[in-house]
Amino acid sequence: MDIKKRMMDLQQAIEKANYEYHTLDRPTVSDFEYDLWMKELIELETNHPEYKNPSSPTLKVGGVVLDKFNKVVHDKPMMSLSNAFSDQDLLDFDERVSKEVEGYSYNMELKIDGLAINLKYRDGIFISASTRGDGLVGEDVTSNVRTIKSLPMKLSEPVSLEVRGEVFMPHKSFEKANEERAKEGLELFRNARNAAAGTIRQLDSAIVSSRGLDIFCYTLVDAETYGVKTQSGVLNYLSQLGFKTNPNYVVAKNIQEVIEHIHRYDVLRKSLPYDTDGVVIKVNELIKYEQIGQTVKYPKWAIAYKFAPEEVITKLNAITFQVGRTGVITPVAELTPVLISGSMVARATLHNEDYIKNLDIEIGDDVIVRKAGEIIPEVVRPVIENRQSTVPFKMIETCPSCGEPLYREPEEADWFCVNPGCPAQHVGKLIHFASRPAMNIDSLGEKIVIQLYEEGYIKDFLDIYYLKDQRDKLIELDRMGEKKVDNLLEAIEVSKQNSLDKLLFGLGINHVGAKVAKLLLKKFPSLEALSEATLEQLTAIDDIGEAIANSVIQYFSTDYAKQLIHTLHDIGIQTAMAQKTTTTSPLFDGKTFVLTGKLETFTREDAAAIIESFGGKVSGSVSKKTDYVLAGSDAGSKLEKANSLGVKVIDELAFKEMIPNEQ
Ligand SMILES: NC(=O)c1ccc[n+]([C@@H]2O[C@H](COP(=O)([O-])OP(=O)(O)OC[C@H]3O[C@@H](n4cnc5c(N)ncnc54)[C@H](O)[C@@H]3O)[C@@H](O)[C@H]2O)c1
Ligand SMILES: [Zn+2]
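What counts and how
Residues numbered from 1 in each chain as written. Chains lettered and ligands numbered in written order. Predicted model: local features only at pLDDT ≥ 70, side-chain atom pairs only at ≥ 80, totals over all residues. Near = placed C-beta within 6 Å. Helix = DSSP H or I, 4+ residues; strand = E, 2+ residues; numbered from the N terminus. Nonpolar A, V, L, I, M, F, W, Y, C, P; charged D, E, K, R; others polar. Domains from an automatic or database assignment. Axes fitted to C-alpha atoms, helices over the stretch in contact; angles between N-to-C directions. Parallel < 35°, antiparallel > 145°, perpendicular 65-115°, else oblique. Left-handed = near helix turned anticlockwise from the far one by under 90°. Contact = placed C-beta atoms within 7 Å. Buried ≥ 20, exposed ≤ 12 C-beta atoms within 10 Å, placed from the backbone. UniProt positions renumbered as here; feature names shortened; annotations may be inferred. Expected span 1.5 Å × (residues − 1). Arc of directions from axis to C-beta. Pairing = 2+ DSSP bridges. Core = buried A, V, L, I, M, F, W, Y, C linked by C-beta atoms within 7 Å. Right-handed = clockwise from strand over helix to strand, strands pointing away. pLDDT = per-residue confidence, 0-100.

A separate point is the site of ligand 1. Among the 25 residues in the neighbourhood of ligand 1, the closest are listed as Ala17, Tyr21, Asp31, Ser80 and Ala116. Of all elements in the fold, only helix H1 (3-23), helix H2 (31-47) and strand E3 (106-112) reach the threshold of two or more residues within the shell around ligand 1. At four residues, H1 tops the list of elements feeding residues into the shell around ligand 1. Its residues assigned to classes, the shell around ligand 1 shows 12 nonpolar, six polar and seven charged. Two domains share the shell around ligand 1, each providing at least three of its residues, namely domain 1 (3-59) and domain 2 (71-306).

Structure representation (structure tokens):
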């Protein structure tokens, strides 16, 4: 095996998963798989340090910071945890700890599957909350966190402190939220963690308040200054102050006791009304932490033991077929509904014909189903011993949507419907086009696409842009009404200004994902230019191989694509990347900046000069009129003032992103 290539592939897969999980709140692989990738990459990096990439995801806390929130620089970084998957991993962990210190015990707590939040209290009063972000800089989500009912706004003592905890969505709230989303035709949340993260990071606090979030607190920053000496003591003290703490913690004398308890936790967690994905084991004596130390990513005095995904047995009643936007046919297991990791599962993927045949799955079998990391449930295998009267599986030969014959390439596992007029494919393409990573037409969800397609309003994505001519008719449709239609039309108009990479991704060209779209446009910054690119020119771009290049060339060689570029122009959709800002309309015209803290890559004078060269002003003090506070490390009172006034705080990185490249 080519180790270097394997490491690069793993890194790429992990980065893609990070983006989907942390930025889009929409993972496509299970946590279990992700954790296995990470474990493999860490092992390879340890054994082959010569191939280790200095910006490897094994060195970073995975989150991102969205621009729509004010940024908060954490006083103390918020770290991740290293993982254990077996008893042996725990023994290895203990051995590492025992090399540094002696005379310690362990505190074990449930690992709540939510998102970490940092809370600040002054004189016993709640003042602010932020997300973990990339560990150093988080997002200010104070007004959203304030809506969580179990969070005390006033503590039982007038202390000033910083506390960390996990915001999560209990099963009940999760089911309710998804019922409501289903009614509104919105895409369902994949699991409670994504629902919690998506909720905390949205702008309308009224919605947050209605979602029934909850929080368990577990960390007190600088606990020893409050006279607390152990992690179990922290939990006790937090609870006394009025915080909600999880009652299922236990102190274990040594690692053997930890291992004994772990297995009890795996039973316990199945009866809890919220998701947990493991047990966090922390050295209990806080005084030992400094000596044990930490890496850039996680403390060495703690570890998260992750449970294997839960598997259950249920009955396979039928196999149905789904047609994807590319025409791929996926067999789907229709199951007797069963509870897995806190939610009901009635359908699971069977991947393709070979998967079913190789596993010898028959209709009527008892099957083992797994919701690995609570994403898309899958059938793991049949329970052959239980087989009684079953019907052998037979692959369909015609498309369930259009009735045309299906094709399968000899080398491939999947069957395809290749009918360009296939309704299921059209709908799939439309849904993809409107989705968040593509044209991001929020109010054009799956249900509405299907409705408009079935009623004959949209066949091709271009039709979306002519919907405005049919406003009166749309209002009359079932479940529509004036407000909904106007919101929809507005969102469609706004999407015309999207940056071109979103459109290119939305076109659904084979192999052209969001990242590839960006790469292509960097070199060919308009659809016209891209449509004329040759195979050589395309493959000369880093990371663009022949498969991608051929697919792009084939797409743009069709009459459809040639016509498309003209039509897009006529409609007023961007078909070229936006021009860089010119000096005639200064970027920071009329904007006031305040600089604070220590900057790394600029001197203050440089930063000020840049701001002024783009028409902005630099002021010495923060007021309501300040537009941006540029905060470096060790920022003090100006940063606090900015936060309390709700002034936008940016870090150096964000500032660099704002200014055009030439600087
Ligand atoms: N499926 C995907 O595509 C995908 C992508 C990226 C990350 N992930 C998941 O996220 C994980 C990485 O995220 P991570 O960096 O947050 O690591 P992590 O989930 O392994 O552990 C760290 C986090 O645990 C949480 N936590 C919960 N209870 C706690 C307690 N009692 N004490 C201390 N901390 C507690 C905190 O939020 C802390 O930040 C991966 O292991 C994977 O499971 C999945
Ligand atoms: Zn078809």
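Moving on from the coordinates now.
With that settled, consider the packing of helix H12 (residues 423-434) against helix H13 (residues 446-454). Two numbers describe a pair of packed helices, the interaxial angle and the distance between the axes. One way to put it is that H12 packs onto H13 with a least axis distance of 10 Å and a crossing angle of 135 degrees. Regarding the angle of H12 to H13, the classification is oblique. In the packing of H12 onto H13, the handedness of the crossing is right-handed. Across the interface between the two elements, His426, Val427, Leu430, Ile431 and Ala434 from H12 touch Glu446, Val449, Ile450 and Tyr453 from H13. Split into classes, the residues belonging to the contact of H12 with H13 amount to seven nonpolar, one polar and one charged.

Before going further, it helps to spend a moment on the environment of proline 170. Here proline 170 is to be found in the loop between strand E7 (161-168) and helix H5 (171-183). Proline 170 sits in the partly exposed class, given 19 other C-beta atoms within 10 Å. Along the chain, proline 170 and tyrosine 274 lie 104 residues apart, while their C-alpha atoms are 4.5 Å from each other. Discounting chain neighbours no more than four positions away, the residues touching proline 170 are Gly212, Asp214, Pro273 and Tyr274.

For the rest of this paragraph, the subject is the UniProt feature "active site" (unreviewed entry) in the protein. Under the present numbering, the feature "active site" (unreviewed entry) in UniProt falls on Lys111. For lysine 111, a count of 23 C-beta atoms within 10 Å corresponds to the buried category.

Below, the discussion takes up H2. Counted at 1.5 Å a residue, the expected span for H2 with its 17 residues is 24 Å, and the 24 Å between its end C-alpha atoms agrees. Listed in full, the buried residues belonging to H2 are Asp31, Tyr34 and Leu41. Considered in projection along H2, the buried side chains sweep an arc of 90 degrees and stay on one side of the axis. Along H2, the residues that are exposed and aim more than 90 degrees away from the buried face are Glu43, Thr46 and Asn47. Looking at the packing, one finds that the buried side of H2 touches H1 and strand E10 (276-283).

The next thing to look at is the environment of serine 499. Its location among the elements puts serine 499 in the loop between helix H16 (482-495) and helix H17 (500-506). Sequence separation between serine 499 and lysine 518 is 19 residues; the distance between their C-alpha atoms is 9.9 Å. In contact with serine 499, other than residues within four places in its own chain, are Met577 and Ala578.

Positive phi is not limited to glycine here, since aspartate 222 has a value of about 55 degrees. Relative to the elements of secondary structure, aspartate 222 occurs in the loop between strand E8 (214-220) and helix H8 (231-241). One non-glycine residue, asparagine 440, adopts positive backbone phi at about 55 degrees.

Overall, antiparallel pairing links the four strands, which are arranged E5-E4-E7-E8 in an open sheet. This sheet does not close on itself; its edge strands, each paired only once, are strand E5 (125-131) and E8. On average, each strand axis in the sheet is tilted by 35 degrees relative to the strand beside it, whichever way the strands run. The pairing of E7 with E8 spans six bridges and is antiparallel.

Let us look at the nonpolar core. Counting 56 residues, the largest nonpolar core has Ile117, Val167, Ala196, Leu238 and Ile281 as the members making the most contacts within it. Other than its neighbours up to four places away in sequence, valine 167 contacts Gly114, Leu115, Ile117, Ile148, Ala196, Ile200, Leu213 and Ile215. Of all hydrophobic cores here, the second largest spans 43 residues; its members include Ile431, Leu452, Phe461 and Val512.

Bringing the packing of helix H3 (residues 87-100) against helix H9 (residues 255-268) into the picture now. Direction vectors running N to C along H3 and H9 enclose 150 degrees, while the axes themselves pass 10 Å from each other. Classified by the interaxial angle, the pair formed by H3 and H9 is roughly antiparallel. When the axes of H3 and H9 are compared, the crossing they make is right-handed. Here Asp87, Leu90, Leu91 and Asp94 of H3 come into contact with H9, specifically with Ile255, Val258 and Ile259. Class assignment for the residues of the contact of H3 with H9 results in five nonpolar, no polar and two charged.

Right, let's get into H12. Taking 1.5 Å of rise per residue, the 12 residues of H12 would be expected to cover 16 Å, and the 17 Å separating its terminal C-alpha atoms lies within 8% of that figure. Of all 12 residues making up H12, 10 are buried, and the element is well covered by its neighbours. Three or more residues of H12 are buried, namely Ala424, Gln425, His426, Val427, Gly428, Leu430, Ile431, His432, Phe433 and Ala434. Taken together, the buried residues of H12 touch strand E12 (311-323), strand E18 (416-417), H13, helix H14 (461-464) and H17.

A word on the pairing of strand E21 (residues 628-631). Side-chain direction in a regular strand flips from residue to residue, so the side chains alternate between the two faces of the sheet. In E21, alternate side chains face the same way, and those of Tyr628 and Leu630 on one face and Val629 and Ala631 on the other are all buried. Relative to strand E22 (residues 648-650), E21 runs parallel, the two being bridged by three bridges. When the sheet's bridge partners are listed, valine 629 is paired in E22 with valine 649. Handedness of the E21-helix H24 (residues 637-645)-E22 crossover: right-handed.

Judged by how many residues are buried, strand E4 (residues 115-122) sits mostly within the fold: seven of eight residues are covered. With seven bridges connecting them, E4 and E7 associate as antiparallel partners. When the bridges of E7 are listed, leucine 115 appears paired with valine 167. One ladder, built from six bridges, connects E4 with E5; its direction is antiparallel. By the bridge assignment for E5, tyrosine 121 is matched with phenylalanine 126. Following E4, the chain reverses through two residues before pairing antiparallel with E5; aspartate 123 in that reversal takes a positive phi of roughly 50 degrees.

Our focus in this paragraph is the confidence of the model for the protein. Averaged over the protein, the pLDDT score is 89; the fraction of residues at 70 or greater is 97%. Note on the complex model: pTM 0.61, ipTM 0.95.

This part takes up the sheet that holds strand E19 (residues 592-596). Here we have four strands laid out as an open sheet, ordered E20-E19-E21-E22, and parallel in their pairing. Where the open sheet ends on each side, the last strands, each with one partner, are strand E20 (617-619) and E22. Across the sheet, the mean angle separating the axes of adjacent strands is 35 degrees when strand polarity is ignored. With three bridges joining them, E19 and E20 adopt parallel strand pairing. Paired with threonine 592 across the strands is lysine 617, a residue of E20. Where H24 meets the sheet, its contacts fall on E19, E21 and E22, and the angle it forms with E21 comes to roughly 145 degrees.

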